[in-house]
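# Coordinates in review
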Amino acid sequence: MRFRFFAILLATLFMGGCAGGTHSSEKAAYKQISMSEAMQIIENEKDYIILDVRRADEFSEGHIPGAINIPNESIGSGEIPELPNKSQMILVYCRSGRRSKEAARKLADLGYTNIIEFGGILDYKGEL
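Here the structure is a predicted model, which means the values were calculated and not measured. (Residues numbered from 1 in each chain as written. Predicted model: local features only at pLDDT ≥ 70, side-chain atom pairs only at ≥ 80, totals over all residues. Heavy atoms only, no water.)

On a plain count of helices and strands, the protein comes out with four helices and five strands. Across the 128 residues of the protein, 37% fall into the buried class. At a minimum sequence separation of 6, the contacts of the protein that also span at least 24 residues come to 68%. (Helix = DSSP H or I, 4+ residues; strand = E, 2+ residues; numbered from the N terminus. Buried < 20%, exposed > 50% of the residue type's maximum accessible area, 1.4 Å probe, protein only. Contact = heavy atoms within 4.5 Å.)

See below:
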């Protein structure tokens, strides 16, 4: 009887621990990396989208080469035609990092699964 109680207790704790792990991974639905790590991905990978979530006027003043612009404010609950493949790698940045984090969270909520947030263009050292 005592053994059975401990087995049930351990199973309950184990299952609760697993549920907790799942919950925390749901919170971290996007990966956050540094600008230098993002530049390595851009240099070495092929199938990705660079997403600038600043306003259109900021984007037109200069952006990372190859980036597309979808302002953070326009990312809502609807489908995004410019991002049809929800499993494609999406590298997200803004000016300082605040809007890119918001946008990455919203994209995750929309079902995108390969989101990498890398802060702001203020840290970018390359040509615009």
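Now that the structure has been shown, the text picks up again.
This next bit is on the sheet that holds strand β1 (residues 31-32). On the basis of which strands lie adjacent, the open sheet formed by five strands has the order β1-β5-β4-β2-β3 and parallel pairing. Two strands close off the open sheet at either side, each with one partner strand: β1 and β3 (68-69). Bridge analysis of strand β2 (residues 48-52) against strand β4 (residues 89-94) gives five bridges, and the strand direction is parallel. By the bridge assignment for β4, Y48 is matched with M89. (Pairing = 2+ DSSP bridges.)

Below, the discussion takes up the packing of aromatic side chains. For any two aromatic rings, the description comes down to two numbers: the centre-to-centre distance and the angle of the planes. Scanning the model with the defined rule gives one aromatic pair in all. On the basis of an interplanar angle of 45 degrees and a centroid distance of 5.5 Å, the ring pair of Y93 and F118 is categorised as tilted. Placement of the pair is Y93 in strand β4 and F118 in strand β5 (residues 115-120), with a sequence separation of 25 residues. The buried category is assigned to Y93, whose relative accessible area is 0%. Residue F118 is classed as buried on the basis of its relative accessible area of 2%. (Phe/Tyr/Trp six-rings, centres within 6.5 Å; stacked < 30°, edge-to-face > 60°.)

Next up on the list: the pairing of β5. Within β5, six of the six residues are buried, which leaves it mostly tucked inside the rest of the structure. As judged from the two bridges shared by β1 and β5, these two strands associate in the parallel manner. Across the sheet, K31 pairs through a bridge with I116, a residue of β5. By the bridge criterion, four bridges tie β4 to β5 in an arrangement that is parallel. From the neighbouring strand, L91 faces β5, where its bridge partner is I116. Note on the crossover from β4 through helix α4 (residues 98-109) to β5: the handedness is right-handed. (Right-handed = clockwise from strand over helix to strand, strands pointing away.)

A few words on the pattern of salt bridges. The final tally for this structure, using the stated rule, is seven salt bridges. In this structure, the salt-bridge partner of E58 is R55, at a minimum N-O distance of 3.8 Å. Across the pair E58 and R99 runs a salt bridge, and its minimum N-O distance is 2.8 Å. With E58 in helix α3 (residues 56-61) and R99 in helix α4, the pair connects residues that are 41 residues apart, well separated along the chain. According to the relative accessible area criterion, E58 is buried, its value standing at 11%. On the basis of relative accessible area, R99 is assigned to the buried category, the value being 10%. Ionic contacts of the salt-bridge type, sharing partners, join the residues R55, D57, E58 and R99 into one network. (Salt bridge = Lys/Arg side-chain N within 4 Å of Asp/Glu carboxyl O.)

Here the focus is helix α2 (residues 35-44). Looking at α2, one finds that the buried residues are M35, A38, M39, I41 and I42. Angularly, the buried residues of α2 cover 155 degrees about the axis, an arc narrow enough to put them on a single face. In α2, the exposed positions that point more than 90 degrees away from the buried face belong to S36, E43 and N44. For α2, the secondary structure elements touched by its buried residues are β2, β4 and β5. (Arc of directions from axis to C-beta.)

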